[in-house]
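Notes for the structure review
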Amino acid sequence: MAIGFISGGLLLLCAVTCALWDPKSSLQQYSKQIPVIVECRDHHLFISIDLPPSGNEPRFEAVDGGGLYPVTEYYGAQCGYTCSVQPLLGRAVLRASYFSCHAENQNDEVFTFKFRVIIEEQRGKESFLNVSKTCSIPPFHPREVTCEENYMEVSVESGIPCPNPGAVRSDFPAAFSVAQQSAVESLQVMLQAEGQQPEVMSTEDVANQGYFIMLTPGRIVFRSSFGQPHASIRMVSGVAVEVIHATVFFRQGWTVVIVDLVAACSMDKGSFDGNRLHWRTPAVMTPLLIGPSDMMSEYISIGVDGQVINEQAAKDRGYAVTVNEETVDSSIPFAAEGGVRKSFLMDNVYNELYTVQLTYEQVFVDHSGVRTRQNVVRQMATPPIAHPPFSVNQTTPDERVFTVFLGNIPFDVELVSVTLNGQELSVLTAVQMGYLITRIPQENTFAYILKVPFDNAVVKKLYVAEGLFQYILEVNWTLNIMPQGEAYYHLSSVMALFRDILPPVFDTVCADYGISFQRDHREYDYLWDFAIGRYPLTEQLASERGYIMNNNSNTLILDVPLSTIGYIYEEINLQHFYGSFEVLTRNAKTLSIEQSSAQRCLFQTTELMVCSTEGVLTVVTDITQAVPSIDPGRTTLLDTSCRPSEFDDQRVLFSFGLNTCGTRVQIDQQYVTYENEIIFHMLYSTDSKPVITRDAAYRMTVRCIYPVHGTESLFVDQKFKAETLGIGQSKDPVTAVIPQMLNPVSLQKQKKPLIQRENLVAEERDQHGRKKTVQAIPADHVRVVKWSSPVNAYEFRKTRT
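Below you will find a few notes about this structure. Within any chain, residue numbers begin from 1 and follow the written order of that chain's sequence. Under the rules for a predicted model, residues below a pLDDT of 70 receive no local features and side-chain atom pairs below 80 are neither given nor counted, while totals for whole chains, interfaces and linings still include all residues. Here the side-chain values reflect all heavy atoms present in the structure, with hydrogen atoms and water set aside.

**Considerations on the state of the cysteines**
By convention in this document, the label disulfide applies to cysteine sulfur atom pairs within 2.5 Å. All told, the structure shown has six disulfides when counted by the stated rule. Two residues, Cys40 and Cys135, share a disulfide whose sulfurs are 1.9 Å apart. Looking down the S-S bond of the Cys40 and Cys135 bridge, the torsion is -75°, so its handedness is left-handed. Residue Cys40 is located in strand E2 (residues 36–40), and its partner Cys135 is located in strand E10 (residues 126–136); the two are separated by 95 residues in the primary sequence. The cut-offs for exposure are 20% and 50% of the maximum accessible area for each residue type, with area from a 1.4 Å probe on protein chains only; residues under the lower value are buried, those over the upper are exposed, and the others partly exposed. Since its relative accessible area comes to 33%, Cys40 is described here as partly exposed. For Cys135, a relative accessible area of 0% translates into the label buried. Residue pairing for Cys642: its cysteine sulfur links by disulfide to Cys661, the two sulfurs lying 2.1 Å apart. Between Cys642 and Cys661, the S-S dihedral sits near -90°, and the bridge is therefore left-handed. With Cys642 in the loop between strand E50 (635–636) and strand E51 (646–647) and Cys661 in the loop between strand E52 (651–657) and strand E53 (664–667), this pair connects stretches of sequence that are 19 residues apart. Judged by its relative accessible area of 6%, Cys642 falls in the buried class. The way it works is that DSSP assigns letters per residue, a run of H or I at least four long becomes a helix, a run of E at least two long becomes a strand, and they are numbered from the N terminus.

Put into structure tokens, the structure is as follows:
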């Protein structure tokens, strides 16, 4: 009987292989290195080959002594081959059943496979790789049922005894009756779908309809693709199950041999609950039963990629098998080891999916102790899962800093740039410019936090109402999926209303007496104080300096008369000059200057004395009040070569450096005093003979007083510099008494200065009106050799040339 089965099987196999043989012309062997994995697994041979640089899918051809057989979709399902391309992993995979058409079988224990892999290169050129493997495997169970992705397969031991009359299928008597009528010496196959009359066919007819039957040294194998006409879908414990039932029989002498072959596979496509992928199957696959309620589940295990793993490894990965009363639920958590996680963009939204090839194994045992092992391979995948980023405005207005939170950033995404109100900056550049960008971990994701100060130049500021401003920041985040570098974007628009307390500014008015400053009090005045230079403006300071300050509950008025401390005088002449005064607004806490209220006014010149910070004394005085007949143009300083810069009929304007024109210096522990005199010399004569004398008929002393601690330099050969203006002071003029024997000589008044300062030469006229030139005499030179303020330690050296 065994010989007859083998012979029939060989004849069938020959018919199939010869019909599908597709000889090819010779190809060149692939010369480049390409990774290939070949493994013997529990139920099949596993081959994995990386996709070539061209990206074209490799093609597989089975090889045996009869030739080459392309593994097409149809041929693979009929002959026990499953091909798939996994672009997420960059590989092509072939799984070959140990009972596939062209495997060499040695006693159902050793199997040898030969394949040729066709690789199409970038320019269409084809080459090949040879792959072969011999597998030695443990003994099969008495019945093996395989549910692959593209076919169902069942194999049974050919020596299985006939069932006893008390434990037979309900449809067995009908099948036996048909078998008795149809049995001949050759192998016959009866396919019976549920609710239909059995149909008996020869092995050739069966093969033509896409089924496969093969006899091995010890087993009978039946294989069918899914969805065949003789298959049926049944609901078993609420799960859809595809069942196909074939009965193989033949007559041998007076005996009819019948082998019952049933394959049943759960058609559950899997589900995703947001966290785990689930696949269900009946707890007991009743279509496989030989008799009613005659089988129980003995063992269940799961794994991935066609290989089951032990219980501890499954637990470590988070895999779970939940056995209920009627069903078994196998689940794998999202992103668990063994699956593939792929991210991609769809409509500028980050999406990802997770796919895993579940391997399920369950062993049933019947009342006789005969075991059936069911092996299932199911590809499961989540739907595309969108991960849109979201932003949160975490700004606290009092901090005056925008804080923008960007969340739900997957692990393989990187922030590459930010565009702040239209200005694009890389993350590195933004950090170098002082923006704070922080990446923080979240549960299964990351987040970014961006901080931008309100007063940054990129922030838009809109006036809303008095003291109320709206700050606006638009952030366009550029995110890249790594490593492929796909970019997507997210826009965050944030705004903040802030009562921005601006430093107060005074209204100013120019008046004849000086400058007036005025402002109304506001709610937040306590945040500021006012200063003149470095000194806070207080009632005491105003009183000491001669300011007139009126500070009531509504208004602060500060009148600053001319000649008080704090003025800056510019462009002084006999007609007018400019005077400037400044009130500073300071932060009450830090004392930093926040605002300035300054006013520059034009004043009419009458009499004036100014001691500048650069060490220049400027004085305008009316000398005719003391001596009505005096000629202002003939006045000098102690150094008679120093003449007025300007003069008219009554007034003179002198402007000279404090280290020139014979200026005297006095120093004590607190002050430095510079002193000079405005002098007028009259010419006298006797009745008998003219006599010229140089006795001064008019003297007015002018002084500049500077505090010692505010004077940086007293060197006459260096630039004078003081922190504040000096205090000008004049002494009442002294008029000389004319001796009775002398009569004053009248001279014509001069209309312009006679001093040519650039060459230090003085011009004057004698009694006859003739010009004569006199070399100017330099002023006394005072040099501080040693100075330590405020200690009274100094030396003087006077020289006269």
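There's more to say after this.
**Overview of the nonpolar core**
As used here, the term nonpolar core means buried Ala, Val, Leu, Ile, Met, Phe, Trp, Tyr and Cys residues forming a set that is joined through side-chain atoms within 4.5 Å. Counting 52 residues, the largest nonpolar core has Phe222, Leu261, Tyr319 and Ile332 as its most contacted members. Broken down by element, this core gets its largest block of residues, seven residues, from strand E19 (residues 255–266). The contact definition used throughout considers only heavy atoms, calling two residues in contact when any of these lie within 4.5 Å. Apart from residues no more than four positions distant in its own chain, Phe222 is found in contact with Met152, Glu153, Val154, Leu191, Tyr211, Phe212, Ile213, Ile244, Ala246 and Leu261. Listed in part, the 31 residues of the second largest apolar core include Ile34, Phe60, Tyr81 and Val117.

**Here we look at the packing of aromatic side chains**
Within 6.5 Å between ring centres, the rings of Phe, Tyr and Trp (the latter by its six-membered ring) count as paired, and their orientation is classed by plane angle as stacked under 30 degrees, edge-to-face over 60, tilted in between. Scanning the entire structure with this criterion turns up 26 aromatic pairs. Pairing Tyr569 with Phe577 gives two aromatic rings, centres 5.8 Å apart and planes at 55°, and the pair type is tilted. Accessibility classification places Tyr569 together with Phe577 in one group, the buried group. The structure contains a cluster of three or more aromatic residues connected by ring pairs, namely Phe506, Phe517, Phe530, Tyr547, Tyr567, Tyr569, Phe577, Phe581 and Phe603. Comment: the charge-over-ring label is applied if NZ (Lys) or CZ (Arg) is within 6 Å of the ring centre and within 35 degrees of the ring normal. The ring of Tyr151 is capped by Arg223, whose NZ or CZ atom sits 5.7 Å from the centre of that ring.

**So, a nonpolar patch on the surface**
Residues form patches when they are more than 30% accessible in relative terms and have no salt bridge. Like charges link within 9 Å. Nonpolar side chains (Val, Leu, Ile, Met, Phe, Trp, Tyr) link within 5 Å. For the area figures, the Shrake-Rupley method with a 1.4 Å probe applies, and any residue is considered shielded solely by the protein chains shown. Each salt bridge in this description consists of a side-chain nitrogen of Lys or Arg and a carboxyl oxygen of Asp or Glu lying within 4 Å of one another. Together, Val464, Met495 and Leu497 make up a nonpolar patch on the protein surface, roughly 260 Å² of accessible area in all. Its location among the elements puts Val464 in strand E36 (residues 460–465).

**A closer look at the sheet that holds strand E7 (residues 91–97)**
By way of backbone hydrogen bonds, the strands of a sheet pair with one another, either parallel or antiparallel. One requirement defines pairing of two strands: DSSP has to find at least two bridges between them. With antiparallel pairing, four strands are arranged side by side in an open sheet as E2-E3-E7-E6. Unpaired on one side and paired on the other, E2 and strand E6 (81–86) mark the two borders of the sheet. Strand-to-strand twist across the sheet, computed as the mean angle between neighbouring axes with direction ignored, equals 10°. Taken together, the seven bridges between strand E3 (residues 44–50) and E7 define a ladder with antiparallel strand orientation. In the strand pairing of E7, Asp50 is matched with Arg91. In this analysis an axis means a line fitted to C-alpha atoms, helices contributing only their contacting stretch, and an angle means the value between N-to-C directions, from 0 to 180 degrees.

**Some remarks on empty space enclosed by the protein**
Detection works on a 1 Å grid of protein atoms alone, calling trapped sets that fit a 1.4 Å probe cavities and calling open sets with protein on both sides within 12 Å along at least five of seven lines pockets, with lining residues defined by an atom within 4 Å of a point. Grid points are joined across faces, edges and corners, and a volume is the space filled by probe spheres set on the points. One pass over the structure, following the stated rule, counts four cavities of 30 Å³ or more. Quantified by volume, the largest cavity comes out at close to 90 Å³. Looking at the largest cavity, it is lined by 14 residues, and the ones nearest its centre are His43, His44, Thr146, Glu148 and Val377. Every element with two or more residues in the lining of the largest cavity is listed here: E7, strand E12 (151–157) and strand E28 (371–381). Among the residues forming the lining of the largest cavity, the class breakdown is four nonpolar, seven polar and three charged. Any residue outside Ala, Val, Leu, Ile, Met, Phe, Trp, Tyr, Cys, Pro, Asp, Glu, Lys and Arg is labelled polar, Gly included; the first ten of those are nonpolar and the last four are charged.

**Some thoughts on the sheet that holds E51**
With respect to topology, four strands assemble into an open sheet ordered E48-E49-E52-E51, the strand pairing being antiparallel. Since the sheet does not close on itself, it has two edges, and those belong to strand E48 (608–611) and E51, each with one partner. Bridge count for strand E49 (residues 616–622) against E52 is seven bridges, and the pairing is antiparallel. When the bridges of E52 are listed, Thr621 appears paired with Val652.

**Digging into unusual backbone geometry**
Among all residues save glycine, negative phi is the norm, and among peptide bonds the norm is trans. Here the amide bond leading from Met482 into Pro483 is cis, since omega sits at 5°, within 30 degrees of zero. Mapped onto the secondary structure, Pro483 falls in the loop between strand E37 (468–481) and strand E38 (486–499). Even without being a glycine, Asp305 presents a positive backbone phi close to 55°. As for its position among the elements, Asp305 is in the loop between strand E22 (295–304) and strand E23 (307–308). Judged by relative accessible area, which is 21%, Asp305 ranks as partly exposed. At Asn421, a residue that is not glycine, the phi angle is positive and equals roughly 50°. Relative to the elements of secondary structure, Asn421 occurs in the loop between strand E32 (413–420) and strand E33 (423–426).

**A short note on the pattern of salt bridges**
Using the criterion set out here, one finds 20 salt bridges in the structure. Salt-bridge contacts for Asp305 lead to Arg91; the nearest nitrogen and oxygen are separated by 3.8 Å. Of this pair, Asp305 sits in the loop between E22 and E23 while Arg91 is found in strand E7, placing the two residues 214 residues apart along the sequence. For Glu148, the salt bridge goes to Arg95, with nearest N and O atoms at 2.7 Å. On the criterion of sequence distance, the pair formed by Glu148 in the loop between strand E11 (143–147) and E12 and Arg95 in strand E7 is long-range, its members being 53 residues apart. By relative accessible area, Glu148 is classed as buried at 2%. When its relative accessible area of 1% is taken as the criterion, Arg95 is described as buried. Residues joined in a network through salt bridges with shared partners are Arg664, Glu675, Glu677, Arg699 and Arg703.

**Here we look at the environment of Gly306**
Summarising the element assignment, Gly306 is placed in the loop between E22 and E23. For Gly306, a relative accessible area of 2% corresponds to the buried category. Through-space distance from the C-alpha of Gly306 to that of Leu358 is 7.4 Å; in sequence the pair is 52 residues apart. Setting aside its immediate chain neighbours within four residues, Gly306 contacts Arg41, His44, Gln357 and Thr359.

**Quick word on the pairing of strand E15 (residues 212–215)**
Both faces of the sheet carry side chains from a regular strand, because those side chains alternate between them. Across the two faces of E15 the burial is the same, with Phe212 and Met214 and Ile213 and Leu215 all buried. Between E15 and strand E16 (residues 219–225), which pair antiparallel one after the other, the connecting turn spans three residues.

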